[in-house]
Amino acid sequence: MYTETQIVHNNTKTTVDGALDGTGEMVINVGPQHPATHGVLHLVITLNGETIKKLEPHLGYIHRSIEKMCESLSYRQFIYVTSRMDYLSSHINNHACALTVEKGLQLEIPPRAQVIRVLMDELTRIASHELWWGAMAMDLGAFTPFFYAFRERETITDIMEETCGARLTMNYMVPGGVMYDIHPNFQRRVKDFITLFKSKIDEYNDLVTGNIIFQNRMKGVGKLSAEDAISFGCTGPVARGSGVKSDIRKLFPYEVYDKVEFDEILETEGDSFARYMVRIREMHQSVRIIEQLIDNIPEGDFQAKTKAVLKLPKGEFYTRVETARGELGVYIVSEGGTTPYRIKFRSPGFSNLSALEHMVVGSKLGDLMATMGTLDLVIPDIDR
Amino acid sequence: MFIKEYISDIYHAVKSLLTGMKTTGGYFIRPGEIITQQYPENRADLNLSERFRGEVVMIHDENNEHACTGCTACELACPNATIKIITKFDVSPDGKKKKALDTFVYHLELCTMCNLCVEACPTDAIKMAQNFEHSVYDRSKLTKKLNQPGSKIREGVE
Ligand code: SF4
Ligand code: SF4
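Reading the values: rules and limits
- Residues numbered from 1 in each chain as written.
- Chains lettered and ligands numbered in written order.
- Predicted model: local features only at pLDDT ≥ 70, side-chain atom pairs only at ≥ 80, totals over all residues.
- Heavy atoms only, no water.
- Near = heavy atom within 4 Å.
- Nonpolar A, V, L, I, M, F, W, Y, C, P; charged D, E, K, R; others polar.
- Contact = heavy atoms within 4.5 Å.
- Buried area = accessible area lost by both parts, 1.4 Å probe.
- Salt bridge = Lys/Arg side-chain N within 4 Å of Asp/Glu carboxyl O.
- Polar contact = N/O pair within 3.5 Å; in protein donor to acceptor, adjacent residues only side chain to side chain.
- Helix = DSSP H or I, 4+ residues; strand = E, 2+ residues; numbered from the N terminus.
- Phe/Tyr/Trp six-rings, centres within 6.5 Å; stacked < 30°, edge-to-face > 60°.
- Buried < 20%, exposed > 50% of the residue type's maximum accessible area, 1.4 Å probe, protein only.
- Lys NZ or Arg CZ within 6 Å of the ring centre and 35° of its normal.
- Expected span 1.5 Å × (residues − 1).
- Core = buried A, V, L, I, M, F, W, Y, C linked by side-chain atoms within 4.5 Å.
- Pairing = 2+ DSSP bridges.
- Axes fitted to C-alpha atoms, helices over the stretch in contact; angles between N-to-C directions.

Chemist: Quick question: what am I supposed to make of the site of ligand 2 here?
Modeler: Taken together, 13 residues lie around ligand 2, and Cys68, Cys71, Thr72, Cys74 and Cys121 of chain B are the ones closest in. The class makeup of the residues in the shell around ligand 2 is 9 nonpolar, 4 polar and no charged.

So this is what it looks like as structure tokens:
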């Protein structure tokens, strides 16, 4: 019950200024509008002095009921909505949905489309990790890296704009392949970007990775053991930072990932710096994949022939892909009609966020930012 | 021993900071690498890719003719009910009634630029334009009629 002077929070009485009666603890709200949460995430934190005693994420501020919306959209239409979940991996979200529909239709994808898809995925991964790198450094008070990261990311968005027609929500993957063929400039521009990016990534390491202040704030902070990473369902760089093998591209290869050479990056420390290093090293691996494929795009169709109205057979279909944040699963239940009966997305951000309390309880409030930043949360991905 | 470690710590710390400063300082003396664009001053030479999706427009040729048959395929393909096709019946000289487009209503405020309508159109009557400056003072201005006044369907388009 809310009165003028008391707010009831979890059955504990707090005064308006947040102090908990008689315990010396106080409750503060980080978010929903807070620069450190990168979106409308609301963390209710119980503090004793500066030590975090309890942390509770409150979700739902940007819930758009995408799963429910998809039930009224056809199998062609629902894909564009998923760009709005994890908007930094929108290509990869679209890819996952397209793969699920193709699985239901038992459609063969032309090799050219497969390679284009993988190229786009890896470019998206680099762009996403770049943005994370800039935002991460900004969380810790460094402003310059943000501009450097956006400078290189801009090159990727330009390439995307030229080939896909949009910069963020591309809607380029369609059931059966990709929407249109790559732009004639695509290969040249990607190669230019790769050359540029390789020199810039050393700059990133000089500027941030090697920085002593940065390292002191990241090392030993936000520890997550391999067992905990598994039990919280963490995937992606968060799990790999704790030494858990979880790269879907390796474990359950899709498209041409089983034909290209790349390493799954594992760090064993499980702290914030390990997760940071995983992402930095992953960018190198993405570059490696792109280098192998960019000159070897097979000739042929970029889209398989599909019917105008797609109907999935009765049944359940599930596929998973590796987004920049971890494992994204798309689960479709079909009744045989033109729209899905039920769609469920298993988003990586939600599970990764659930480990946050475990990682920060007992540490200082400042370490929360250093930990949360390395989870690389995208809030619309968590709320959907 | 302790002193040695202490001094080496300080040395490495200062070195790491200087490495970082060298990077940022480098751009100070190489201003040519700065890529900031001065929008809107550079509007005149702003080059958007021909695939850039800014808004849906209908293609009209010099005779004010379009290729839209009013088949509503785009309306059905649109996930957001952005398009509303209003049809009428044209009476041809030999007295036959034929369905034709009356008004192509396009709600720009609902459009997500997903390109599904353009893909769905069997006669390539619509396309995406590169205009992205859509702000207006009144919401009603965002509802557009895409077929130009007095336009009619091109001969031979079925
Ligand atoms: S671009 Fe997409 S949202 Fe816009 S009118 Fe076409 S189908 Fe509808
Ligand atoms: S624009 Fe194309 S799809 Fe839409 S009604 Fe006209 S002909 Fe049909």
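Chemist: Got a minute to help me understand the interface of chain A and chain B in this structure?
Modeler: It is common to give the size of an interface as the accessible area lost on bringing the parts into contact. Counting from both sides, the interface comprises 31 residues of chain A and, opposite them, 26 residues of chain B. For the chain A and chain B pair, buried surface summed over both sides reaches about 2300 Å², with 53% attributable to carbon and sulfur atoms. Looking only at chain A, the three residues that lose the most surface to chain B are Gln77, Tyr80 and Glu161 of chain A, adding up to 21% of its buried area. Scanning the region where chain A abuts chain B turns up 0 salt bridges. At the boundary of chain A with chain B, the tally comes to 14 residue pairs in polar contact (both at pLDDT 80 or more). At the level of elements, α5 (144-164), α6 (186-209) and α7 (212-218) of chain A are the ones that each hand at least two residues to the side of chain A that touches chain B. Top element by residues in the side of chain A that touches chain B is α5 of chain A. It accounts for 7 residues.

Chemist: Sorry if this is basic, but what is going on with the packing of aromatic side chains here?
Modeler: Ring pairs (aromatic) are described by centroid distance and by the angle formed between their planes. Residues and elements named next belong to chain A. What the rule picks out here adds up to 17 aromatic pairs over all chains. Summarising the aromatic geometry, the rings of Tyr172 and Tyr180 are spaced 6.1 Å apart at their centres and angled 45° between planes, so their arrangement reads as tilted. Summarising the burial analysis for this pair, Tyr172 and Tyr180 share the class buried. Connected via pairs of aromatic rings, a cluster forms that spans Trp132, Phe214, Phe273 and Tyr276. Cation over ring: Arg151 sits above Tyr148, and NZ or CZ is 4.7 Å from the ring centre. Sitting above the plane of the Phe150 ring, Arg153 keeps its charged end 5.4 Å from the centroid.

Chemist: What exactly am I supposed to notice about helix α3 (residues 90-105) of chain A here?
Modeler: Two residues of an α-helix separated by three or four positions point the same way, owing to the 3.6 residues in each turn. Residue and element names in this part refer to chain A. Compared with the 22 Å implied by 1.5 Å per residue over 16 residues, the 23 Å span of α3 between its first and last C-alpha is a close match. Of all 16 residues in α3, 14 are buried, a share of seventy percent or more. Gln106 sits one or two positions beyond α3 and adopts a positive phi of about 50°.

Chemist: Could you clarify how one ought to interpret the nonpolar core in this entry?
Modeler: Here is a general trend for soluble globular proteins: nonpolar side chains tend to be buried in one another's company. Residues and elements named next belong to chain A. The biggest cluster of nonpolar side chains holds 84 residues, and the ones touching the most others in it are Phe78, Leu123, Trp133, Tyr172, Phe186 and Tyr276. Ranked by the residues each element gives to this core, the list is headed by helix α4 (residues 111-139), at 12 residues. If sequence neighbours within four positions are ignored, Tyr276 has contacts with Trp132, Trp133, Met136, Val208, Thr209, Phe214 and Met218. Grouped together as the second largest cluster of nonpolar side chains are 25 residues, Leu43, Leu224, Cys234 and Leu368 included.

Chemist: Sorry, what's going on with the sheet that holds strand β3 (residues 83-91) of chain B here?
Modeler: Each strand in a sheet pairs with another by means of backbone hydrogen bonds, the pair being arranged parallel or else antiparallel. Residue and element names in this part refer to chain B. With antiparallel pairing, the 3 strands of this open sheet are ordered in space as β3-β4-β6. In this open sheet, the two strands that pair with only one neighbour each are β3 and β6 (143-145). On average, adjacent strands in this sheet sit at an angle of 30° to one another, irrespective of strand direction. The pairing of strand β4 (residues 97-107) with β6 spans 3 bridges and is antiparallel. Considered in β6, the bridge of His107 is made with Thr143.

Chemist: Can you walk me through the pattern of salt bridges in this structure?
Modeler: Oppositely charged side chains may form a pair once their charged atoms are brought near each other. All names here are of chain A. Considering all chains together, one arrives at 34 salt bridges over all chains under this definition. The salt bridge involving Glu154 is made with Arg167; its shortest N-O contact spans 2.8 Å. Taken as a pair, Glu154 in helix α5 and Arg167 in the loop between α5 and β6 (173-174) lie far apart in primary sequence, 13 residues in all. For Arg167, a relative accessible area of 30% translates into the label partly exposed. When the shortest N-O distance is used, the salt bridge between Arg188 and Asp192 registers 3.8 Å. Residue Arg188 and its partner Asp192 are located together in helix α6, separated by 4 residues, close to a single helical turn.

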